[in-house]
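# Understanding the architecture of this molecule
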Amino acid sequence: MTVSIKWFSHAAFAIENGEHTVLVDPFFTGNPLCSIKPDELERVDAIVVTHGHRDHIGDTEYLAKKHDATVISSVEICNWLGKRGVKKLHGQQPGGGHSHFFGTVKFTAAVHSSSLPDGSYGGIAMGVILETGGKRIYHSGDTALFSDMKIIGKNKLDAALLCIGGNYTMDVSEALEAASMLKPGILIPMHYDTWEVIRQDVVSFKNKAASICDVRILGINDTITI
Ligand code: NI
Ligand code: MN
């Protein structure tokens with residue numbers, strides 16, 4: 001089965017297995033790179049949120065209500081969304097994983113914080129391994145480099161979506177180390193160029209990483225299939 005991965009810019013992706021559409025960190029409103037509006041999305045079955053920061057929880061509340069989609073995130077973020085009227089929620093924490101209607105979601109560690117837009121506690125920040133359509137995809141969330149990425153890379157990753165922007169997350173040189181540990185089939189850089197403070201030379205990253213893995217630089221709203 002082929003799975004498509006669409007990048008909306010920043011850490012926002014749509015992953016489709018031919019039957020279901022899963023969004024990860026859907027940051028549209030207020031995203032200076034994003035050209036589409038949340039209402040342009042035709043189908044949303046589930047939304048995975050790695051942590052509570054505004055550039056990740058983004059339009060989750062609006063889209064979950066509009067599409068009656070299931071939100072999968074930390075228990076704390078799910079509780080917060082529940083109080084705001086989101087109906088379908090599934091709280092998880094790193095480890096174990098859970099089988100959902102579109103595939104398996106397993107959260108991983110991330111070295112980062114997680115407060116919600118109103119200052120509420122969002123639990124811990126996480127990365128996520130999504131298994132759907134026979135493919136395994138790792139989305140790092142926002143994180144510094146950490147050596148347990150070696151463990152994440154033990155099971156073959158078809159794709160890794162890695163933050164490279166620096167300042168809030170790994171930068172280019174740290175993402176290269178991450179790539180060595182994760183050894184993904186393809187690597188899609190994310191969380192860069194959205195603001196001046198996370199501007200990076202993504203072509204230079206691709207060239208440096210070429211000996212480690214196949215880096216695919218996606219343009220905004222580009223889709224690839226794996
Ligand atoms: Ni963050
Ligand atoms: Mn972020």
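All values reported here derive from a predicted model rather than from experimental measurement. (Residues numbered from 1 in each chain as written. Chains lettered and ligands numbered in written order. Predicted model: local features only at pLDDT ≥ 70, side-chain atom pairs only at ≥ 80, totals over all residues. Heavy atoms only, no water.)

### Things to note about the sheet that holds strand β5 (residues 70-74)
Judged by pairing direction, the sheet is mixed, and its seven strands sit side by side in the order β6-β5-β4-β3-β2-β1-β14 without closing on themselves. Since the sheet does not close on itself, it has two edges, and those belong to β6 (89-92) and β14 (223-225), each with one partner. Direction aside, the axes of adjacent strands within the sheet are offset by 20° on average. Pairing geometry for strand β3 (residues 21-24) and strand β4 (residues 46-48), over three bridges, is parallel. Pairing of Val24 across the sheet is with Val48, part of β4. (Pairing = 2+ DSSP bridges. Helix = DSSP H or I, 4+ residues; strand = E, 2+ residues; numbered from the N terminus. Axes fitted to C-alpha atoms, helices over the stretch in contact; angles between N-to-C directions.)

### Looking at the coordination of the nickel ion (ligand 1)
Think of it this way: four donors in a tetrahedron around the metal ideally sit 109.5 degrees apart, and six in an octahedron ideally sit 90 or 180 degrees apart. Donor atoms from the polypeptide that coordinate the nickel ion (ligand 1) comprise His51 (NE2), His53 (ND1), His112 (NE2) and Asp142 (OD), at 2.2 to 2.3 Å from the metal. Classification of the site at the nickel ion (ligand 1) as irregular follows from its four donor atoms and the range of 91 to 175° in their angles at the metal. Written as a sequence motif, the donor arrangement for the nickel ion (ligand 1) is H-x1-H-x58-H-x29-D. Separating the nickel ion (ligand 1) from the manganese ion (ligand 2) is a gap of 3.3 Å, bridged by Asp142, which donates to each. With His112 in the loop between β8 (103-109) and β9 (126-132) and Asp142 in the loop between β10 (135-139) and α4 (149-152), this residue pair connects regions lying 30 residues apart in the sequence. The class for His112 is partly exposed, based on a relative accessible area of 24%. (Donors = N, O, S within 2.8 Å, 3.2 Å for Na, K, Ca; no water. Tetrahedral: all angles 85-135°; square planar, octahedral: opposite > 155°, others 65-115°. Buried < 20%, exposed > 50% of the residue type's maximum accessible area, 1.4 Å probe, protein only.)

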